[in-house]
Amino acid sequence: MHDPIVVTGLGAVTPLAAGVEASWRRLIAGESGIRRNDRFDTRDWKCQIAGLVPSAATAPDGFDPETVMTPQEQRKSDLFIHYALAAADEALMQANWRPETPSEQARTATVIGTGVGGIPAINRAAETIRKDGVRRLSPFIVPSFLPNLAAGQISIRYGFRGPSGAPVTACAASAQAIGDAMRLIRNDEADIALCGGTEACVDPVGIGGFTAARALSFGFNEEPARASRPFDAAHDGFVLSEGAAMLVVEKWSHAERRGAKPLAVLSGYGTTTDAHHVTAGWPDGRAAARAMTMALAMAGLTPDAIGYVNAHATSTPVGDAAELAALKTVFGEGGGRVPVSSTKSATGHMLGAAGAVEAVFSVKAIEQGILPGGLNIDRPMECAEGFDMLSEGARAARVEHVLSNAFGFGGVNAALVFSRFH
């Protein structure tokens, strides 16, 4: 492409750590961000674990909301917005983007997805009404939980006056946000965009609802770090997690003019819909495979060019098998021996933020020449035979192109391709 779209900034708040470098360091060290859920009392719950963002009070690289928000601002917004602001601040700082002129502001887009938005705030409001009456509700309750208010609060803070969006497409939301940002730039509606996703719904309704749907792991409550095990025969469901990740993407010509360093190229995007089932994709992964094929076509690549796949695989038997089937369709038997892992094995499933977190890790894999390992693959599921699952841990490898997948309830599929900048 004559003027490729490049990534110039990354930001993240994950169950591993607050910040991209600390999260990446723990990821490639094979550490897990899954622990006992102390967000509320789970003693009588089937699922007692979660991927919780560590607090600065308890971890050296933990999250401190006061680095980005005053206590008053924190009270007026739910946790998913706090995480989004922190990840955005880190990404914008690395990209060195602070638009000051009206033209710069008008050409900056903000696209931030979420699967759920501020469900804890909604639950607290319902409890307030039940206990104290509707008159006790805060006038800030609605803007505290609206899904688009992560994008809204960030655009207000930084003066981004270009297009704004908030895909709410379940676990594909932030991958679609990155794809939407790419389209806005390709269509010349913006020169630069902050894009990604955020999620913070480790609460009774989130845990209880996914437990009722038989989606969560509950067989490893005493060994939380072993619970998230994509592609392993002993997987029994995903681990609900929280966090945020953001990317700054822009035209190369725009980055060059302002002296910004490209970390990678956002070279391909494809999205499809299963039109099959509310919570499960096609068992043969047909629509997911089509999304990957579309992303490769946009990038102008054949499957054999891909050096690593960051799989969506969440650790559910049905979903993991369908993605392997899709990978076989695209890459051939055994996935064409392309290295595959799911970084959810370390982070758990961050729902609407997952695609963006995995995009960040995909860019880091290209930049650092290290492929993240797949944790807890003690005995690969039968249909994983022949795949290169990176089950021995992180691997040093120079790769030119990485494919990152994200699939969501409702049958939404999204695939992104990131490439080395030359």
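It should be noted that the structure appears before, not after, this text.
Reading the values: the criteria
Residues numbered from 1 in each chain as written. Predicted model: local features only at pLDDT ≥ 70, side-chain atom pairs only at ≥ 80, totals over all residues. Heavy atoms only, no water. Helix = DSSP H or I, 4+ residues; strand = E, 2+ residues; numbered from the N terminus. Rg over C-alpha atoms; globule rule 2.2 N^0.38 Å. Buried < 20%, exposed > 50% of the residue type's maximum accessible area, 1.4 Å probe, protein only. Contact = heavy atoms within 4.5 Å. Areas by Shrake-Rupley, 256 points an atom, 1.4 Å probe, with all protein chains shown as cover. Lys, Arg positive; Asp, Glu negative; His and termini not counted. Charge placed at Lys NZ, Arg CZ, Asp CG, Glu CD. Pairing = 2+ DSSP bridges. Axes fitted to C-alpha atoms, helices over the stretch in contact; angles between N-to-C directions. Phe/Tyr/Trp six-rings, centres within 6.5 Å; stacked < 30°, edge-to-face > 60°. Lys NZ or Arg CZ within 6 Å of the ring centre and 35° of its normal. Parallel < 35°, antiparallel > 145°, perpendicular 65-115°, else oblique. Nonpolar A, V, L, I, M, F, W, Y, C, P; charged D, E, K, R; others polar. Polar contact = N/O pair within 3.5 Å; in protein donor to acceptor, adjacent residues only side chain to side chain.

Secondary structure assignment for the chain yields 14 helices and 14 strands. For the chain, the C-alpha radius of gyration of 20 Å lies close to 22 Å, the compact-globule estimate for 422 residues. Principal-axis analysis of the C-alpha atoms gives the chain an extent of 60 × 55 × 45 Å. A total of 422 residues make up the chain; the buried ones form 59% of that total. Across the chain, contacts joining residues at least 24 apart in sequence account for 79% of those joining residues at least 6 apart. Surface exposure of the chain reaches about 16400 Å², of which carbon and sulfur atoms provide 52%. Looking at the chain, you have 37 positive and 44 negative side-chain charges, and the mean spots of the two groups are 4 Å apart.

Attention now goes to the sheet that holds strand β9 (residues 308-310). The strand order across the open sheet formed by 10 strands is β5-β4-β6-β7-β1-β8-β14-β13-β9-β10, and the pairing between neighbours is mixed. The two strands at the open ends of the sheet, each matched to only one other strand, are β5 (164-165) and β10 (340-341). Bridge analysis of strand β4 (residues 108-113) against β5 gives two bridges, and the strand direction is parallel. Looking at β5, one finds that V111 is bridged to G165. Helix α7 (residues 149-158) rests against β4, β5 and β6 (192-199) of the sheet, and its axis sits at about 150° to β4.

Right, let's talk about the environment of Y269 for a bit. Examined against the element boundaries, Y269 turns out to sit in strand β8 (residues 264-273). Residue classification places Y269 among the buried residues on the basis of a relative accessible area of 4%. Sequence separation of Y269 and H349 is 80 residues, and the distance between their C-alpha atoms is 21 Å. Not counting residues up to four positions away in its chain, the partners in contact with Y269 are A175, Q176, G179, D180, M182, R183, M294, A295, M298, A414, A415 and L416.

Two aromatic rings, taken as a pair, are described by how far apart their centres are and by the angle between their planes. The final tally for this structure, using the stated rule, is seven aromatic pairs. A centroid spacing of 5.2 Å and a plane angle of 70° characterise the contact between F210 and F238, whose relative ring orientation is edge-to-face. You can see F210 sitting in helix α9 (residues 204-212) and its partner F238 sitting in the loop between α9 and β7 (243-251), a full 28 residues away along the chain. For the pair shown, F210 and F238 are each scored as buried. Aromatic side chains W252 and F421 sit 4.8 Å apart centroid to centroid with 55° between the ring planes, which places their arrangement in the tilted category. One end of the pair, W252, is in helix α10 (residues 252-257); the other, F421, is in the segment after β14 (412-419), and 169 residues separate them in sequence. Residue classification places W252 among the partly exposed residues on the basis of a relative accessible area of 22%. Positioned over the ring face of F218 is K46, at 4.1 Å from the centre of the ring.

This brings us to the packing of helix α8 (residues 173-186) against helix α14 (residues 354-368). Helix-helix packing is characterised by the crossing angle of the two axes and by the distance between the axes. Interhelical geometry of α8 versus α14 gives an angle of 65° and a closest axis separation of 5 Å. What the angle tells us is that α8 and α14 run roughly perpendicular. The segment α8 lies against α14, with S174, A175 and I178 engaging A354, G355, A356 and A359. Residues that form the contact of α8 with α14 fall into these classes: five nonpolar, two polar and no charged.

With respect to burial, β8 is a largely interior element, eight of its 10 residues being buried. One ladder, built from eight bridges, connects β8 with β14; its direction is antiparallel. Within β14, the residue paired with G268 across the bridge is V417.

Relative to the elements of secondary structure, S241 occurs in the loop between α9 and β7. Relative accessible area serves as the criterion here: at 0%, S241 is assigned to the buried category. At 2.7 Å, the side chain of S241 forms a polar contact with the backbone oxygen of T347. Excluding anything up to four places from it in sequence, S241 contacts P15, I34, G51, V202, T347, G348, H349 and M350.

Remember, this is a structural readout, not a statement about activity or role.
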